[in-house]
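Take a look at the letters that make up each chain.
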Amino acid sequence: MIELATPLALLLWPLPLLILRLLPAAPSGGAALAVPDRIGQGILAGAGQGATPGARRRIAPWAVWLLLVLALAGPRQLEPIPALKVSGRDLAIVLDLSGSMVRDDFFLDGARITRLEAVQGVGAAFARRRAGDRVALIVFGSEAYYAAPFSFDTEAIARRIETSVIGISGRATNISDALGLALKRLETSTAASRVVILLSDGINNAGATNPRGVAGLAADLGVRVHTIALGPKDLTDSEPGENGVVDAATLRAVSELSGGTSFRVRTTEDLVAVTEALDKLEATDSDGLSAEVFTEYWVWPAALAAVLCLWIAWRAE
């Protein structure tokens, strides 16, 4: 339904009539010309035939004025725009990019893929489903850094996950610093819910702190940490000194200390199931923030008024 942004502007429509009524009449002048009756009748007949064009020229300025007032009133129409869901949650995705993520012991549609490729596909899809959350991406290896700050732009986060490169942050596994960096940003967050999802496929072998100690800090801050232990083998069922194994016990302790949930992932199917479980644990359903977006129509009467002005100027030549 079309409405007016400034309906009071329509009160300007009778303004020219009031001006004509209040201003004194212009003095009449000119000389009289005496002509024979027959010639005078011809002049009057010609004047009568030209009355219609003259009337049109008098009506055109009034039409311009009415159109300009209508444009000033601002006709517009409210467009149906879906409300932006806002969950009130800050969610940090902490992704392991250590050297072991290059191992190709996962499968997708029967084809062998690396651990990173599995995480990129499933993790990006997970990020895209987080509409309503403020999401950040932290990647770590020997060091940890923010790949993307907290943002409602989940598509940008998903693209960062898809373009992650192994080794950019070193090839060791520094779980403690990665979790600590997430907590540093979440410490000042005013969100009603603060969550970290930590995925690792290795053993903490870098940094000066212990992951369990950082998990205790998360508990003090009220930050839930969900952990994902990625890889076919973990520290408890592997050979001594075997590479590419995950410390599932430590990740489980981190989640338990912070009030989160721990997941064990051995296959791509497990990883998909974990992201679906996290969607249920950290649901994004909400009423959302409504926004009023209008389609403006004032330009049409304004443009028509401009065309009429050009027509008046052309007829006056």
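Everything below is about the structure printed above this text.
Residues numbered from 1 in each chain as written. Predicted model: local features only at pLDDT ≥ 70, side-chain atom pairs only at ≥ 80, totals over all residues. Heavy atoms only, no water.

A. Looking closely at the sheet that holds strand E9 (residues 224-230). What the six strands build is an open sheet, ordered E7-E6-E3-E8-E9-E10; its pairing is mixed. For this open sheet the edge positions go to strand E7 (144-151) and strand E10 (262-265), each flanked by a neighbour on one side alone. The mean angle between the axes of side-by-side strands here comes to 15°, regardless of whether they run parallel or antiparallel. Both strand E3 (residues 89-96) and strand E6 (residues 134-140) contribute to a ladder of seven bridges, which runs parallel. Looking at E6, one finds that Asp96 is bridged to Phe140. The sheet strands contacting helix H4 (residues 115-128) are E3, strand E8 (193-200) and E9, and the helix crosses E3 at an angle near 170°. (Pairing = 2+ DSSP bridges. Helix = DSSP H or I, 4+ residues; strand = E, 2+ residues; numbered from the N terminus. Axes fitted to C-alpha atoms, helices over the stretch in contact; angles between N-to-C directions. Contact = heavy atoms within 4.5 Å.)

B. Region of the structure containing the pairing of E6. Burial runs high along E6: six of the seven residues are buried. Both E6 and E7 contribute to a ladder of five bridges, which runs antiparallel. The partner of Val135 across the bridge, within E7, is Ser151. Here E6 folds back onto E7 in antiparallel fashion, the turn holding three residues. (Buried < 20%, exposed > 50% of the residue type's maximum accessible area, 1.4 Å probe, protein only.)

C. Molecular detail of the packing of H4 against helix H9 (residues 268-281). Two numbers describe how H4 lies on H9: the axes approach to 10 Å, and their chain directions differ by 20°. One element, H4, and the other, H9, form an angle in the roughly parallel class. As H4 runs across H9, the sense of the crossing is right-handed. Every residue of H9 that contacts H4 at Ala118, Val119, Val122 and Phe126 is listed here: Thr268, Leu271, Val272, Thr275, Leu278 and Asp279. Taken together, the residues that form the contact of H4 with H9 break down as seven nonpolar, two polar and one charged. (Parallel < 35°, antiparallel > 145°, perpendicular 65-115°, else oblique. Left-handed = near helix turned anticlockwise from the far one by under 90°. Nonpolar A, V, L, I, M, F, W, Y, C, P; charged D, E, K, R; others polar.)

D. Spotlight on unusual backbone geometry. In this model, Asp109 sits at a positive phi of 55°, which is unusual for a non-glycine residue. Checked against the element boundaries, Asp109 lands in the loop between strand E4 (106-108) and strand E5 (111-113).

E. Structural context of the sheet that holds strand E2 (residues 75-79). Taken together, three strands build an open sheet; the order of strands is E1-E2-E11 and the sheet is antiparallel. Looking at which strands have only one partner, the edges of the open sheet turn out to be strand E1 (2-4) and strand E11 (293-296). In this sheet, neighbouring strand axes are inclined to one another by 45° on average, regardless of whether the strands run parallel or antiparallel. Two elements, E2 and E11, share four bridges in a ladder whose sense is antiparallel. Its bridge partner being in E11, Arg76 is matched across the sheet by Glu296.

F. Summary view of a nonpolar patch on the surface. A surface patch of nonpolar side chains, about 680 Å² in accessible area, is lined by Leu12, Leu15, Leu18, Ile19, Leu22, Leu23 and Leu72. Per-element tally for the nonpolar patch: the top contributor is helix H1 (residues 15-22), with four residues. Note on placement: Leu23 falls in the loop between H1 and helix H2 (37-49). Using a relative accessible area of 54% as the deciding quantity, one classes Leu23 as exposed. (Patch = residues over 30% accessible without salt bridge, like charges linked within 9 Å, V, L, I, M, F, W, Y side chains within 5 Å. Areas by Shrake-Rupley, 256 points an atom, 1.4 Å probe, with all protein chains shown as cover. Salt bridge = Lys/Arg side-chain N within 4 Å of Asp/Glu carboxyl O.)

G. Expanded view of the pattern of salt bridges. Taken as a whole and assessed by the stated rule, the structure comprises 15 salt bridges. Between Arg129 and Asp279 there is a salt bridge whose closest N-O contact spans 2.6 Å. Of this pair, Arg129 sits in the loop between H4 and E6 while Asp279 sits in helix H9, and the two are 150 residues apart along the sequence. By sharing partners, the salt bridges in this structure join Arg89, Arg129, Arg130, Asp133, Arg224, Asp279 and Glu282 into a single network.

H. Just the environment of Gly216, in detail. On the secondary structure map, Gly216 appears in helix H7 (residues 211-221). Considering only alpha carbons, one finds Gly216 and Val254, 38 residues apart in sequence, at a separation of 8.0 Å.

I. Here's a closer look at the nonpolar core. Core analysis: the largest hydrophobic core is formed by 33 residues, its most contacted members being Ile93, Leu137, Leu199 and Ile228. With seven residues, H4 is the single largest residue contributor to this core. The contacts of Leu199, once residues within four sequence positions are left out, are Val94, Leu95, Asp96, Met101, Val119, Phe140, Ile228, Leu230 and Leu271. Residues Phe150, Ile175, Val225 and Val254 belong to the second largest nonpolar core, which totals 26 residues. (Core = buried A, V, L, I, M, F, W, Y, C linked by side-chain atoms within 4.5 Å.)

J. Summary view of the packing of aromatic side chains. The final tally for this structure, using the stated rule, is zero aromatic pairs. Directly above the ring of Phe294 sits Arg76, whose terminal nitrogen or CZ lies 3.8 Å from the centroid. For Arg185, the ring lying beneath its charged end belongs to Tyr146, and the centroid distance is 4.1 Å. (Phe/Tyr/Trp six-rings, centres within 6.5 Å; stacked < 30°, edge-to-face > 60°. Lys NZ or Arg CZ within 6 Å of the ring centre and 35° of its normal.)

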